[in-house]
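Coordinate analysis (summary)
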Amino acid sequence: MAGKTLYDKLWDDHVVHTEDDGSCLIYIDRQLLHEVTSPQAFDGLRLSGRQPWRIARNLAVADHNVPTTNRDKGIADPVSRLQVETLENNCKEYGITEFDMSDIRQGIVHVIGPEQGATLPGMTIVCGDSHTSTHGASAALAFGIGTSEVEHALATQCLVQKKAKNMLIKVNGKTGPGVTAKDIVLAIIGQIGTAGGNGYTIEFGGDAIWSLSMEGRMTVCNMAIEAGARAGLIAVDDTTIDYYQGRPYAPKGDDWNMAVRYWQNLRSDSYSGDLFDKIINIDAAGIKPQVSWGTSPEMVVAVDANVPDPTKEADPVKRQSIERALQYMGLQAGQKITDIKLDKVFIGSCTNSRIEDLRAAAAVIKGRKKAASVKQVLIVPGSGLIKQQAEAEGLDKIFTAADFEWRDPGCSMCLAMNADRLEAGEHCASTSNRNFEGRQGYGGRTHLVSPAMAAAAAIAGHFVNIAEEA
Amino acid sequence: MKAFTTLTALVAPLDRANIDTDAIIPKQFLKSIRRAGFGPYLFDEWRYLDRGEPEMDCTNRPLNKDFVLNQAKYQGAQILLTRENFGCGSSREHAPWALEDYGFRAIIAPSFADIFFNNCFKNGILPIVLPAETVDQLFQEVVDGYQLTIDLQAQTITTPSGRNIAFIVDENRRFRLMNGLDDIALSLQHADKIKSYEVERAKRAPWLFKDA
Ligand code: SF4
């Protein structure tokens, strides 16, 4: 019998029906809902008089619009408030569990899923949000969907899908000092491009990936979508199983034992190559701390490199996009990355807001203060429980002593739908996942980096080569 | 959903690669809980010189005269011609809603981002993938404003000179789009299969079925 990839196994386990043209009805084990992409889906349900197929398979949380200060005062912006209230009302009407703003379990949808054990290995997981790929770190087939599909999943517990191709990205060997999961994934995107994974599900493997914590694995899979792949995956190992033990929504007793036996098979039958449509090998030792300089996540270089020179690019479409990006970012061709001055720093988002990220940031700054030229440093934990944990470890004290602002959980300045945002022209070292034009505020300039790099930049006022300092 | 069969319409060329969903519809507009009314804010940051806000009346906003959709010769365009990886970024269906509300019914590009591509079909928009050279050639031809005829049944595009360009759309999607069918109703035709799947799966993974 020919072997299967992890993706093949997850797929085969969820096929309900196959059409003549190969498209399949795929069973969905878990849907996560948030306020931005669900209102129109609930409206659709109401209009057609349909009910959710399995109410308890849905879990909702408000994250994009919630304020990160003065929660008790509610949401000031009436449009944001209406959206959050609409989610609450919809969840009440249909009996769906929601973690509201005052719940300690509230946080970014992709952070709370694994934290609660609501997203588990072997599941199919969807959410009206492209970074649903995050959950693939637990060997779950997880991908973002549009609002019509949110309604479809609510009404049928299924989605119509065509199977993607299999790609393996193997990061071999050990990473050097100062290099984190974020640097690994940015380096991957820099190499394969933002469309490199189009049409594929990417499984990440190799020693540098398998030695990551669950938090690090989530960072990697979170950005699979930035490489064009709807879903990223990492095989189950002891790290995965240990992580889920005892989580509130995780199975208990005999179910736990049965689940673990099932999960242990959630890996590709071979990583030597013949099972995959495409394989990319990357040498971990060659990866340096990364900084994005442009307006697409593939516009990224090592911190000790320079901003690229468009005149050296042969492809006219690429040359034009480099020129446009440099203009938008207010950078000079050939400028040193370490010479880029920062106005703001943002540590948070579903990419890097977990406890390990906060610890990494705190470790860099211990005893130092933010540079006077840096106007604001926001630390936004991914969930109320992470915030609580960080405070128990005293991390909040380290941050506030450095004049960093310690906030309440939410998406915050990752996309600036709430009050946290960049002003036009400001440069921001950000641990989020997208550096698109205007993403963090109209005219704002985002540099994607790891938490350690962001913290070091906050102290220095510019990027620094943390590989040398480490 | 509107059915798509044939379309003869003006083409607007948007010569940029990797156009992301934040550019198609900036995030401040995602706060709406409605599905319609996004058309005036399509490509907001490129189309206007000021910063757009939800519910804003766009009739008197300062226009960016250089932006293609603001040029007289492309007014009323229903076909968007663009470059590779169109629609990358977020899963927001607001992107196809804005394109559709503006009046676009078809988009031609060398490639699309997966989620966006999928979302188009749910909203009566036909995304057409053509080889990069063909797209290049179309870009050269459209400068003075011209019309293409798209026939989804025949899977062909006809240029004003009568040249036919073939394209391919996956059978199932083509059927749904041509008939404007509701995906949910179609899937619910398999309700019995979904139920028997659940019974069978509950034996293998009982922990997934204990909370309802
Ligand atoms: S943190 Fe950013 S990327 Fe993640 S879900 Fe929120 S807005 Fe999206």
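Being a predicted model, the structure only gives us computed values, none of them experimental.

Here the focus is the pairing of strand E19 (residues 445-448) of chain A. Residues and elements named next belong to chain A. Residue alternation in E19 divides its side chains into two sets, Arg 445 and His 447 and Thr 446 and Leu 448, and both sets are buried. As judged from the four bridges shared by strand E18 (residues 427-430) and E19, these two strands associate in the parallel manner. Bridging across to E19, Ser 430 finds its partner in Leu 448.

Residues and elements named next belong to chain A. Taken together, His 64, Ile 108, His 110, Asp 129, His 131, Ser 349, Cys 350, Cys 411, Cys 414, Leu 415, Asn 433 and Arg 439 are the residues near the ligand. More than half of the atoms belonging to the ligand lie within 2 Å of the grid points that define the largest cavity. Of the residues contributing to the shell around the ligand, the split by class is five nonpolar, five polar and two charged. In this structure, the shell around the ligand is formed jointly by two domains, domain 1 (1-287) and domain 2 (290-469), each of which donates at least three residues.

The domain architecture assigned to chain B consists of domain 1 (6-181) and domain 2 (182-212). On a C-alpha basis, the centres of domain 1 of chain B and domain 2 of chain B stand 36 Å from each other.

This part takes up the UniProt feature "domain: Aconitase A/isopropylmalate dehydratase small subunit swivel" (unreviewed entry) in chain B. Taken from the UniProt record, the annotation "domain: Aconitase A/isopropylmalate dehydratase small subunit swivel" (unreviewed entry) applies to residues 1-132 of chain B. In this annotation, residues 1-132 of chain B is assigned 20% helix and 16% strand; the end-to-end C-alpha distance for the span is 30 Å.

Turning our eyes to something else, we now look at empty space enclosed by the protein. Leftover empty space is mapped by rolling, across the atoms, a probe with the size of a water molecule. Residue and element names in this part refer to chain A. Enumeration according to the criterion identifies two cavities of 30 Å³ or more in this entry. Roughly 220 Å³ of internal volume is contained in the largest cavity. What lines the largest cavity is a set of 21 residues, and nearest its centre among them are His 64, Asp 129, His 131, Leu 415 and Arg 439. Residue composition of the lining of the largest cavity, grouped by class: seven nonpolar, ten polar and four charged.

Evaluation of the coordinates by the stated rule reveals 24 aromatic pairs over all chains. Ring centres 6.0 Å apart and planes at 55 degrees place the aromatic pair Tyr 262 of chain A and Trp 207 of chain B in the tilted group. With one member in each of two chains, Tyr 262 of chain A in helix H10 (residues 253-263) and Trp 207 of chain B in the segment after helix H8 (191-204) form a pair that bridges those chains. A residue is classified by how much of its surface remains accessible, and Trp 207 of chain B, at 9% relative accessible area, is buried. Between Tyr 271 of chain A and Phe 276 of chain A, the aromatic rings sit 6.5 Å apart at their centres with planes inclined by 25 degrees, giving stacked as the arrangement. Residues Tyr 271 of chain A and Phe 276 of chain A agree in their burial class; the two are buried. Taking NZ or CZ as reference, Arg 247 of chain A lies 3.9 Å from the ring centre of Tyr 243 of chain A, over its face. Taking the ring centre of Tyr 48 of chain B as reference, the NZ or CZ of Arg 61 of chain B above it sits at 3.8 Å.

Our focus in this paragraph is the pattern of salt bridges. One pass over the structure, following the stated rule, counts 40 salt bridges over all chains. A salt bridge links Asp 13 of chain A to Arg 204 of chain B; its shortest N-O distance comes to 2.5 Å. In this pair, Asp 13 of chain A sits in the loop between helix H1 (6-12) and strand E1 (15-18) while Arg 204 of chain B sits in helix H8, so the two residues belong to two different chains. Residue Asp 13 of chain A is classed as buried on the basis of its relative accessible area, which comes to 18%. Residue class for Arg 204 of chain B comes out partly exposed when judged on its relative accessible area of 28%. Across the salt bridge formed by Lys 375 of chain A and Glu 426 of chain A, the nearest N and O atoms sit 2.7 Å from each other. Taken as a pair, Lys 375 of chain A in the loop between helix H12 (355-365) and strand E16 (376-379) and Glu 426 of chain A in the loop between strand E17 (405-406) and E18 lie far apart in primary sequence, 51 residues in all. Looking at Lys 375 of chain A, the relative accessible area reads 51%, which means it is exposed. Residue classification places Glu 426 of chain A among the buried residues on the basis of a relative accessible area of 5%.

In this section: the interface of chain A and chain B. Each side of the interface is counted separately: chain A has 78 residues, and chain B has 61 residues. Buried surface at the junction of chain A and chain B, both sides included, amounts to about 5800 Å², of which 53% is carbon and sulfur. For the chain A face of the interface with chain B, the top three residues by lost area are Gln 40, Trp 53 and Tyr 442 of chain A, together amounting to 12%. Counting every contact that joins chain A to chain B gives eight salt bridges. Counting the contacts that link chain A with chain B gives 37 residue pairs in polar contact (both at pLDDT 80 or more). The set of elements that each furnish at least two residues to the side of chain A that touches chain B consists of E1, strand E2 (24-27), helix H2 (39-48), helix H3 (78-94), helix H5 (147-156), strand E8 (158-161), H10 and helix H11 (316-329) of chain A. Broken down by element, the side of chain A that touches chain B gets its largest block of residues, seven residues, from H5 of chain A. Along the lines of polarity and charge, the residues of the side of chain A that touches chain B split into 29 nonpolar, 28 polar and 21 charged.

Here we come to the sheet that holds strand E5 (residues 97-99) of chain A. All names here are of chain A. An order of E5-E4-E3-E6-E7 is seen for the five strands of this open sheet, with the pairing classed as parallel. One side of each edge strand has no neighbouring strand; the edge strands of this open sheet are E5 and strand E7 (141-144). Mean inter-strand twist for the sheet, computed between neighbouring axes without regard to direction, equals 20 degrees. Note that strand E3 (residues 30-33) and strand E6 (residues 124-127) share three bridges and pair parallel. Looking across to E6, one finds that Arg 30 is bridged to Ile 125.

All names here are of chain A. Ordered by their spatial adjacency, three strands build an open sheet running E1-E2-E8, and the pairing between neighbours is antiparallel. Looking along the sheet, the strands with just one partner apiece sit at the ends: E1 and E8. Sheet twist, expressed as the mean angle between neighbouring strand axes with direction ignored, is 25 degrees. One ladder, built from three bridges, connects E1 with E2; its direction is antiparallel. Note on E2: the bridge partner recorded for Thr 18 is Cys 24. Together, E2 and E8 form the strand contacts of H5, whose direction differs from that of E8 by roughly 130 degrees.

Analysis parameters
- Residues numbered from 1 in each chain as written.
- Chains lettered and ligands numbered in written order.
- Predicted model: local features only at pLDDT ≥ 70, side-chain atom pairs only at ≥ 80, totals over all residues.
- Heavy atoms only, no water.
- Buried < 20%, exposed > 50% of the residue type's maximum accessible area, 1.4 Å probe, protein only.
- Helix = DSSP H or I, 4+ residues; strand = E, 2+ residues; numbered from the N terminus.
- Pairing = 2+ DSSP bridges.
- Near = heavy atom within 4 Å.
- 1 Å grid on protein atoms, 1.4 Å probe; cavity = no way out; pocket = protein on both sides within 12 Å on 5 of 7 lines; lining within 4 Å.
- Sits in = over half its atoms within 2 Å of the grid points.
- Nonpolar A, V, L, I, M, F, W, Y, C, P; charged D, E, K, R; others polar.
- Domains from an automatic or database assignment.
- UniProt positions renumbered as here; feature names shortened; annotations may be inferred.
- Points joined across faces, edges and corners; volume = space filled by probe spheres on them.
- Phe/Tyr/Trp six-rings, centres within 6.5 Å; stacked < 30°, edge-to-face > 60°.
- Lys NZ or Arg CZ within 6 Å of the ring centre and 35° of its normal.
- Salt bridge = Lys/Arg side-chain N within 4 Å of Asp/Glu carboxyl O.
- Contact = heavy atoms within 4.5 Å.
- Buried area = accessible area lost by both parts, 1.4 Å probe.
- Polar contact = N/O pair within 3.5 Å; in protein donor to acceptor, adjacent residues only side chain to side chain.
- Axes fitted to C-alpha atoms, helices over the stretch in contact; angles between N-to-C directions.

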